[in-house]
Amino acid sequence: MDKNVLAHTSWNCKYHIVFAAKYRRLVIYRQIKKDIGQILRTLCDRKGVTIIEAEACPDHVHMLVEIPPKYSVSEIMGYLKGKSSLMIFDRHANLKYKYGSRHFWCRGYYVDTVGKNEKRIAEYVRQQLQEDVLSDQLTIKEFTDPFTGEQANKGTK
């Protein structure tokens, strides 16, 4: 088993965490994607949280992390989302106009314990970006005029 040791404890606490940008805006691209990855890595290092696998999709982030038992998941998420919001707005000042009161992330998040499925969840996180692209391609809507029911051109309003 892959266990860590503190003074009087042995532990193996791994979590799959998903959190989204506020209003699910598609803002995690190119330069900001690199900055968000760097910011989250720095913050996790400060708390002793190990990032096993991570993927930043256009509107949300998947992370497979190992959190020491001295911290709760909610404590780490509050820290990551709060501090990263401040750091993102410091680096990308133009985002302040889209997001009022310096909130970059949605209020909630999804968390699940990993258990024995670590390899499968790591693969899922790794492939998440390709799955999002494929699902977007499958859900392309036909452009029809809602009043006449006739096929409309994509370029016209």
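Residues numbered from 1 in each chain as written. Predicted model: local features only at pLDDT ≥ 70, side-chain atom pairs only at ≥ 80, totals over all residues. Heavy atoms only, no water.

Colleague: Explain the side chain of His-16 to me, using residue names and the numbers behind them.
Modeller: Inspection of the secondary structure assignment puts His-16 in strand β3 (residues 14-20). By relative accessible area, which is 8% here, His-16 ends up buried. A distance of 3.2 Å separates polar atoms of two side chains, one belonging to His-16 and the other to His-62. When neighbours within four sequence positions are excluded, His-16 is seen to be in contact with His-62, Met-63, Leu-64, Tyr-110, Val-111, Asp-112, Val-114, Ile-121, Tyr-124 and Val-125. (Helix = DSSP H or I, 4+ residues; strand = E, 2+ residues; numbered from the N terminus. Buried < 20%, exposed > 50% of the residue type's maximum accessible area, 1.4 Å probe, protein only. Polar contact = N/O pair within 3.5 Å; in protein donor to acceptor, adjacent residues only side chain to side chain. Contact = heavy atoms within 4.5 Å.)

Colleague: Talk me through the nonpolar core; I want residue IDs and the actual numbers.
Modeller: Counting 31 residues, the largest nonpolar core has Ile-67 and Phe-104 as its most contacted members. Breaking this core down by element, the ones donating at least two residues are β3, α1 (30-47), β5 (60-66) and α2 (73-91). Here this core takes 7 residues from α2, the largest share from any one element. Counting residues in each nonpolar core, the second largest holds 5 residues, with Leu-64, Ile-121, Ala-122 and Val-125 among its members. (Core = buried A, V, L, I, M, F, W, Y, C linked by side-chain atoms within 4.5 Å.)

Colleague: Give a description of the packing of aromatic side chains that names residues and reports values.
Modeller: The full count for this structure, using the stated rule, is 3 aromatic pairs. A centroid spacing of 6.2 Å and a plane angle of 80 degrees characterise the contact between Phe-89 and Phe-104, whose relative ring orientation is edge-to-face. With Phe-89 in helix α2 and Phe-104 in the loop between α2 and β6 (110-113), this residue pair connects regions lying 15 residues apart in the sequence. Across the pair, Phe-104 and Phe-89 agree in class, each one buried. Taken together, Phe-19, Phe-89, Phe-104 and Trp-105 form an aromatic cluster joined through their ring pairs. (Phe/Tyr/Trp six-rings, centres within 6.5 Å; stacked < 30°, edge-to-face > 60°.)

Colleague: Explain the side chain of Gln-128 residue by residue, including any values.
Modeller: Here Gln-128 lies in helix α3 (residues 118-138). The exposure class of Gln-128 is buried, given its relative accessible area of 6%. At 2.9 Å, the side chain of Gln-128 forms a polar contact with the side chain of Tyr-124. Beyond its immediate sequence surroundings of up to four residues, Gln-128 is in contact with Cys-57, His-60 and His-62.

Colleague: Describe the pairing of β5, listing the residues and the values that go with them.
Modeller: Taken across its 7 residues, β5 has 7 buried, putting it largely inside the fold. Of the two faces of β5, the one carrying His-60, His-62, Leu-64 and Glu-66 and the one carrying Val-61, Met-63 and Val-65 are both buried. Note: strand β4 (residues 50-56) against β5, 6 bridges, orientation antiparallel. Its bridge partner lying in β5, Ala-54 is registered against Met-63. (Pairing = 2+ DSSP bridges.)

Colleague: Give a description of the pattern of salt bridges that names residues and reports values.
Modeller: Where side chains of opposite charge bring their charged atoms close, a pairing between them can arise. With the rule as written, the count across this model stands at 5 salt bridges. The shortest N-O distance in the salt bridge between Arg-126 and Glu-123 comes to 2.7 Å. Within this pair, Arg-126 and its partner Glu-123 are both found in helix α3, separated by 3 residues, close to a single helical turn. Linked by salt bridges that have partners in common, Glu-53, Glu-123 and Arg-126 make up one network. (Salt bridge = Lys/Arg side-chain N within 4 Å of Asp/Glu carboxyl O.)

Colleague: Requested: an account of the environment of His-62, with residues and values cited.
Modeller: With respect to the helices and strands, the residue His-62 is situated in strand β5. Once the C-alpha coordinates of His-62 and Arg-126 are considered, the two residues, 64 residues apart in sequence, prove to be 8.9 Å apart. Leaving out residues up to four positions away in the same chain, His-62 has contacts with His-16, Ile-17, Val-18, Glu-53, Ala-54, Glu-55, Cys-57, Tyr-124, Val-125 and Gln-128. Engagement of the side chain of His-62 in a polar contact is seen with the side chain of His-60, the distance being 3.1 Å.

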